[in-house]
Amino acid sequence: MFRNTYDSDNTVFSPQGRLHQVEYALEAVKQGSAAVGMRSKTHAVLLALKRSSGELASYQQKMFRIDDHVGIAIAGLTSDARVLSNFMRQQAMASKMTFNRPVPVNRLVSAIADRAQVNTQEYGRRPYGVGLLVIGQDQSGPHLYEFSPAGNSYEYYAMSIGARSQSAKTYLEKHFELFENASLEDLIRHGLHALRETLQQDKELTIHNTSIGILGPAGVNEQANIASLGKEGVFRILEGEVIQPYLDSMQPKEVPAPVTSVAAAAAAAAAAGAPAAPAAEAPAEEMPGGLPDDDVNMG
Amino acid sequence: MALAQPLYADQHRPIQHQFNPYAENGGTILAIAGKDFSVIAGDTRQTEGYSIQTRYAPKVFKLTDRAVLAVNGFQADCSTFVKKVKQRIEWYRHAHSKQMPLKAIARMIQGMLYGKRFFPYYTYNILGGIEEDGTGAVYSFDPVGSYEREACRAAGAASSLIQPFLDNQIYFKNQTPAPGAAPFEPGNLPMDTVLSIVIDSFTSATERHIEVGDGLEMFVVVAPGRDVAGVQSLGAEELPALTPEGERIFVLRRDLKKD
Amino acid sequence: MDHFPLSWGRPRNDAVDLYSTYPVNERQRHGPKNDAFTDGVQHTQQPIVTGTSVLAIKYKDGIMMAADCLASYGSLARFKDISRLHSVGQYTLIGAGGDMSDFQYLQHLLDDLMIEEYTSEDGHKLGPDEIYHYLSQVMYARRSKMNPLWNSLLVGGFKDGKSFVGYVDLLGTTYTASTLATGYGAYIAQPLLRRAVEGRETTMTEEEARAIIQECMKVLFYRDARSLNKFQIATVTERGVQIGDAISSETEWSFAEKIRGYGSQTQ
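What counts and what doesn't
- Residues numbered from 1 in each chain as written.
- Chains lettered and ligands numbered in written order.
- Predicted model: local features only at pLDDT ≥ 70, side-chain atom pairs only at ≥ 80, totals over all residues.
- Heavy atoms only, no water.
- Helix = DSSP H or I, 4+ residues; strand = E, 2+ residues; numbered from the N terminus.
- Buried < 20%, exposed > 50% of the residue type's maximum accessible area, 1.4 Å probe, protein only.
- Areas by Shrake-Rupley, 256 points an atom, 1.4 Å probe, with all protein chains shown as cover.
- Contact = heavy atoms within 4.5 Å.
- Buried area = accessible area lost by both parts, 1.4 Å probe.
- Salt bridge = Lys/Arg side-chain N within 4 Å of Asp/Glu carboxyl O.
- Polar contact = N/O pair within 3.5 Å; in protein donor to acceptor, adjacent residues only side chain to side chain.
- Pairing = 2+ DSSP bridges.
- Axes fitted to C-alpha atoms, helices over the stretch in contact; angles between N-to-C directions.
- Phe/Tyr/Trp six-rings, centres within 6.5 Å; stacked < 30°, edge-to-face > 60°.
- Lys NZ or Arg CZ within 6 Å of the ring centre and 35° of its normal.
- UniProt positions renumbered as here; feature names shortened; annotations may be inferred.

## A closer look at the overall build of chain A
Reasoning step 1: A tally of regular secondary structure across chain A gives nine helices and 10 strands.
Reasoning step 2: Taken over 299 residues, chain A has a buried fraction of 51%.
Reasoning step 3: About 14,400 Å² of surface is accessible on chain A, with carbon and sulfur atoms providing 53% of the total.

## Description of the environment of A:F147
Residues and elements named next belong to chain A.
Reasoning step 1: Structurally, F147 can be placed in strand β6 (residues 141-147).
Reasoning step 2: With a relative accessible area of 0%, F147 lands in the buried category.
Reasoning step 3: Linking F147 and I112, residues 35 residues apart in sequence, is a C-alpha distance of 7.9 Å.
Reasoning step 4: Those residues within four positions of F147 in sequence are excluded, and the remaining contacts are L84, I112, A113, A116, Y128, V130, G131, L132 and N152.

## A short note on the interface of chain A and chain C
Reasoning step 1: Each partner contributes residues to the interface: chain A has 11 residues there, and chain C has 11 residues.
Reasoning step 2: Of the roughly 1,000 Å² buried at the junction of chain A and chain C (both faces included), carbon and sulfur atoms supply 47%.
Reasoning step 3: When the area that chain A buries against chain C is broken down by residue, the three leading residues are A:F99, A:R101 and A:R107, summing to 52%.
Reasoning step 4: A salt bridge links A:R107 to C:E117; its shortest N-O distance comes to 3.0 Å.
Reasoning step 5: In this structure, the connection of chain A to chain C is made through 12 residue pairs in polar contact (both at pLDDT 80 or more).

## Notes on the sheet that holds strand β5 (residues 130-138) of chain A
Residues and elements named next belong to chain A.
Reasoning step 1: Read from one edge to the other, the open sheet built from five strands follows the order β3-β4-β5-β6-β7, with strand pairing classed as antiparallel. In this open sheet, the two edge strands, each paired with only one partner strand, are β3 (63-67) and β7 (153-155). Pairwise comparison of adjacent strand axes, ignoring direction, gives a mean angle of 25 degrees for this sheet.
Reasoning step 2: Sheet topology places strand β4 (residues 70-76) next to β5; seven bridges connect them, and they run antiparallel. What sits directly across from A75, in β5, is G131.

## Looking at the packing of aromatic side chains
Reasoning step 1: Using the criterion set out here, one finds 18 aromatic pairs over all chains in the structure.
Reasoning step 2: Connected via pairs of aromatic rings, a cluster forms that spans B:Y22, B:F74, B:F119, B:Y122 and B:Y124.
Reasoning step 3: The side chain of A:R115 reaches across the aromatic face of A:F87, ending 4.1 Å from its centre.
Reasoning step 4: The cationic tip of C:R143 hangs over the ring face of B:Y22; the distance from NZ or CZ to the ring centre is 5.4 Å.

## Some details on the sheet that holds strand β9 (residues 210-215) of chain A
Residues and elements named next belong to chain A.
Reasoning step 1: The antiparallel open sheet is built from five strands, whose spatial order is β8-β1-β2-β9-β10. Looking along the sheet, the strands with just one partner apiece sit at the ends: β8 (158-161) and β10 (236-238). On average, each strand axis in the sheet is tilted by 15 degrees relative to the strand beside it, whichever way the strands run.
Reasoning step 2: In the sheet, β9 pairs with β10 via three bridges, with the strands oriented antiparallel. Paired with I212 across the bridge in β10 is L238.
Reasoning step 3: With respect to the sheet, helix α5 (residues 184-196) is in contact with β1 (35-39), β2 (44-49), β9 and β10, its orientation differing from that of β2 by roughly 30 degrees.

## So, the UniProt feature "domain: Proteasome alpha-type subunits" (unreviewed entry) in chain A
Reasoning step 1: UniProt records the feature "domain: Proteasome alpha-type subunits" (unreviewed entry) at residues 6-28 of chain A, using the numbering of this structure.
Reasoning step 2: In the segment residues 6-28 of chain A, helix accounts for 39% and strand for 0%; the C-alpha atoms at its two ends are 19 Å apart.

## Here we look at the environment of B:S146
All names here are of chain B.
Reasoning step 1: Topologically, S146 is positioned in the loop between β8 (136-141) and β9 (147-150).
Reasoning step 2: What makes S146 partly exposed here is its relative accessible area of 47%.
Reasoning step 3: If near-sequence neighbours (up to four positions away) are discounted, S146 is found in contact with S140 and F141.

## Topic: the pattern of salt bridges
Reasoning step 1: Within this structure, the stated rule accounts for 35 salt bridges over all chains.
Reasoning step 2: Taking the shortest distance from any N to any O, the salt bridge between A:K96 and A:D67 comes out at 3.0 Å. Of this pair, A:K96 sits in helix α2 (residues 78-99) while A:D67 sits in strand β3; the two residues are 29 residues apart in sequence, bridging distant segments of the chain.
Reasoning step 3: The closest approach of N and O atoms between B:D214 and B:R45, which form a salt bridge, is 2.9 Å. Here B:R45 lies in the loop between β2 (37-43) and β3 (46-48) and B:D214 lies in the loop between α5 (191-208) and β11 (215-222), a separation of 169 residues in the sequence.
Reasoning step 4: A single network of salt bridges, built from pairs that share partners, joins A:R101, A:R107, C:E117 and C:D122.

The structure is reproduced here in structure tokens:
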């Protein structure tokens, strides 16, 4: 089944100058659960929502350690992400082997972007079905990059990818000016607030469905590990019990008065002089038929 | 020094210039296992011929929170080998999200050494640390990978001076228990005894071997929960551990004679 | 590593071609006659045009390096105005002994590397320790192919307030120390440098450093038959790499008249 005459081959442009296969790959990123990344002067953090295919299943892996100074969070096809993270780990090690230097983060991100671009131009290939948020540290401090299957990479103060990431983005855009001088704990709290925006109605962030990745000096909740983290603060992934203090630091969500329809909610918000509810803001986000919440291929 | 007259046969055959890809850079390493600790030590002198190239070239390296590797032989092969071992351990960590166990590292090292059986790394390796069952362990290797677990081993320039001493002091060779006393059991000495044996081994080797001296580095790997007051009181520096509350590694440094 | 580039990479033996006159006198094969290790696959190779010692020390403001301007063809002083010091980027300097064509190859290799780094234009610049590490990987890779670059090299530099000096040779052997010397300098200059520098790496002034380096170059000229009284001194400091013009030392030869077999005295 084709949506378009020009979408079966990524080497052919549509008359509108679009590469449909590449755009579909970008849709794959949106199928994955959300990931949020942000950075301050001293830290860079990743936060991600893990899905589970059911009560009996474990939660998916959303974050990968690349090296002591680089970590990634993914949204989209987990198997493609593993190919990319493997490549990034090889690059990191090659840099250590030849120059004894940690690979510069921007070069690492450029390297995967270049690889992704090849997949959008050569016959017989398909684009990667995964987007990445990459945090890294070098002489110029902490960095956050987004990688997309289109072969682009950009640096950000804060960014989110994955399902309903527009809601998180809206939160980040509203608050990002506070991030630069924020403490690690404040940064993570903002990140959790942003991530919370991507949740479905009846869900909430728990120690089971949330991953936190941190780069930078140990925070107040990490004093026990201060020696192993080192002065720079190597990349670490927090999961399970240890993230409870961060979840506890969150402020309760402002719940709008119970209303019966979206239109009524929007009207109520407009009447109160507040911006429209996030759900109404980003109607184009979801695939038709809603999100398959238990798609095991989509991390 | 007279110029040796080349043999007639040498003068009348094609001249061959061979390149010898190996050198011998002196120094000595040793390791001793205790019940719940392991000591891995090496001097820091690097030589070629009669020249001291540097007085500080470390030969003992931390691999994981519970494994320490000492290498000796041809320096270029040694540092390449250590780098490759560390890389393989990093891949293990990526794949399994845990640190590689000691006995797995030992088997991996045998594979890496034997992989270059026909152009060997000219390295003598001694791996020390704590096994998964919490016991102190020492593994020793020859340059092409044959290996075994032992209670102690010396390698390198002064190995022929130190090993017989260890055989006597650690394995109790040529000693007989006092009448009525319990039989000797190698690998059970207390840590302070082991450390004095290590220090004595190196000071003696420094006296008798020109390629040994300058500095001594002793890595002490300690099983989880074991009392560390002894090694701390000797002024040891603790290396940061990846996983707190597991094994701990301390480094003790001593000067050796520089002549 | 001794002072005859020709015997580098070979089993140690000083019974043959003691005065290193090759290629004027062909050098004989030596070493154990039935050594299984050395009788394996062989590449024929030897240095042709060679440079002698290089010296390097750390001092208060950075590092100092020196090498003379001679490239010998066996015992013939063939080229007398070559530079054996070469800068790599803003922070690093390398000095070479051994085969000069292999050294020129390395210069090109490192220049290409620096161009590649420069074109990435992301503000990441290779420091001296990183260039040293790269160079030692190149040297070790070539020795492992049994096709070595016949040099012994010193790398020195200064970046982010830190001095660095390191040694690497045709076998890939590496080490660092506050004073380094290759070739004949390892015997003649190294003891003098160690006495002058060790323990004073952070206090020694540039004038003092220059004095001890000049003294060593003079002693080397007196004692090393493959040296020349025309040498360059280079520094790497906060101000970057500065390679000086060729200079000479004042020498005194009147004593030579009294040496039997050298001056007028023939018996």
